[in-house]
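If you want the building blocks of each chain, they are given just below.
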Amino acid sequence: MSEQLGTAGWKTRQVVLSSRPLSWINTAFPFAAAYVVTTGRVDALLIVGTLFFLIPYNLLMYGVNDVFDYESDLRNPRKGGAEGALLHPALHRTVIAAGVLGCVFVGGAMVGLAGTGHPLSWVVLTVSLFAVVAYSVRGLRFKERPVLDSITSSTHFVSPAVYGLVVAGATANFGLLALLAAFFLWGMASHAFGAVQDVEPDRQAGIASIATALGAWPTVRLAITFWVLAGLLMLATPWPGPLAAVLAVPYILAALPFWSVSDEQSESANRGWKRFLWLNFFTGFVVTLLLILWVRNGG
């Protein structure tokens, strides 16, 4: 029997769903991997930071998005499941409050544990949280500014890794910058390709995006180009980083069937997007193995 509207169980389920549990790992893993590989230790900062980027960060990011996108989400058949909650108006304030309070308390503990030794980390975290909010809130709505929408979305996922590197005291070098650039291009490609499936609903709702601006098939080709460039950049990273270049291939293959997709048929790209969601788990597994190999080889 389904949960009754308005019950505690229903409210809890909706709040959790609005944080996109399927995507939690996409922000928590970059922080944890960057921190552990740099420091070689498991400590309180790692645990609290991973928790922060796992739940509160995602609840704020996606919860705010669901609140401010509610009207357009009503017209989008994808919403109401793993790909995005159709958040009942009665829960809008609850979700925003939960996201803000979670970030304040867990994020505050994380910053406290990090201490004052790395002031650049405060800048990185500020940029990260600003990007999370600016993507959706009225008055900013970076998600409706073509190209800036993909840049902001990529910042959501790359900034946790940058924060982990900074608080861990990593030294910037060409290989590290190439890796971060590859990650950023991967994020832009992922956002752009994800926007293709919503071309028609977004246009009907008067929402601009990189895909509504460029059109469906040009956006698919741009995303594939970004994935290709990301793979090539990985060839410039220290061993075994170049092995990760092949991880761009499954994403390219998932998008290729939509190389010439029309705006009218753009919804069909949802098939590729669903493959993309599961590809992230495979990619994370392979990246973990490569990180282990890197550490065993002495970093």
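Because the structure is a prediction, the values reported are computed rather than measured.

Enquirer: What should I look at first to understand helix H6 (residues 92-114) in this one?
Expert: Count 3.6 residues to each turn of an α-helix, and residues three or four apart come out pointing the same way. Helix length check: H6 (23 residues) gives 32 Å between terminal C-alpha atoms against 33 Å at 1.5 Å per residue, within 8%. Where H6 is concerned, the buried positions are His92, Val95, Gly99, Gly102, Cys103, Val106, Gly107, Met110 and Ala114. Directly after H6, the chain includes Gly115, whose backbone phi takes a positive value near 75°.

Enquirer: Help me out: how do you make sense of helix H12 (residues 216-234) in this one?
Expert: When the terminal C-alpha atoms of H12 are compared, their 28 Å separation across 19 residues agrees well with the 27 Å that a helix rising 1.5 Å per residue should span. When H12 is considered as a whole, its buried residues turn out to be Ala216, Thr219, Val220, Ala223, Ile224, Phe226, Trp227, Ala230, Gly231 and Met234. Seen along its axis, H12 keeps its buried residues to an arc of 155°; they face one direction.

Enquirer: Explain a nonpolar patch on the surface to me, please; I cannot follow it from the model alone.
Expert: A cluster of nonpolar side chains, contributed by Val246, Val249, Leu253, Leu256 and Trp259, occupies part of the molecular surface with about 450 Å² of accessible area. One can find Leu253 in helix H13 (residues 248-255).

Enquirer: Where do I start with the packing of helix H3 (residues 44-54) against H6 in this structure?
Expert: Pairs of packed helices are described in terms of their axes, by the angle between the two and the distance that separates them. Where H3 meets H6, the closest approach of the two axes is 9 Å, and the angle between their N-to-C directions is 150°. One finds that H3 runs roughly antiparallel with respect to H6. Along this stretch, H3 crosses H6, giving a crossing that reads as left-handed. Only Cys103, Val106, Gly107, Ala109, Met110, Leu113 and Ala114 of H6 make contact with H3, whose side of the interface consists of Ala44, Leu45, Val48, Gly49, Leu51, Phe52 and Phe53. Residues belonging to the contact of H3 with H6 are distributed by class as follows: twelve nonpolar, two polar and no charged.

Enquirer: Looking at this structure, I do not really get the pattern of salt bridges. What am I missing?
Expert: Close approach of charged atoms allows side chains with opposite charge to pair. Under the definition given, this model contains four salt bridges. When the shortest N-O distance is used, the salt bridge between Asp66 and Arg20 registers 2.9 Å. Highlighted residues: Asp66 in helix H4 (residues 56-68) and Arg20 in the loop between helix H1 (8-18) and helix H2 (25-39), separated in sequence by 46 residues. Each member of the pair Asp66 and Arg20 is classed as buried. Notably, a salt bridge pairs Glu144 with Arg141, separated by 2.8 Å at the nearest N-O pair. With relative accessibility at 25%, the residue Glu144 sits in the partly exposed group.

Cut-offs used in this document
- Residues numbered from 1 in each chain as written.
- Predicted model: local features only at pLDDT ≥ 70, side-chain atom pairs only at ≥ 80, totals over all residues.
- Heavy atoms only, no water.
- Helix = DSSP H or I, 4+ residues; strand = E, 2+ residues; numbered from the N terminus.
- Expected span 1.5 Å × (residues − 1).
- Buried < 20%, exposed > 50% of the residue type's maximum accessible area, 1.4 Å probe, protein only.
- Arc of directions from axis to C-beta.
- Patch = residues over 30% accessible without salt bridge, like charges linked within 9 Å, V, L, I, M, F, W, Y side chains within 5 Å.
- Areas by Shrake-Rupley, 256 points an atom, 1.4 Å probe, with all protein chains shown as cover.
- Salt bridge = Lys/Arg side-chain N within 4 Å of Asp/Glu carboxyl O.
- Axes fitted to C-alpha atoms, helices over the stretch in contact; angles between N-to-C directions.
- Parallel < 35°, antiparallel > 145°, perpendicular 65-115°, else oblique.
- Left-handed = near helix turned anticlockwise from the far one by under 90°.
- Contact = heavy atoms within 4.5 Å.
- Nonpolar A, V, L, I, M, F, W, Y, C, P; charged D, E, K, R; others polar.

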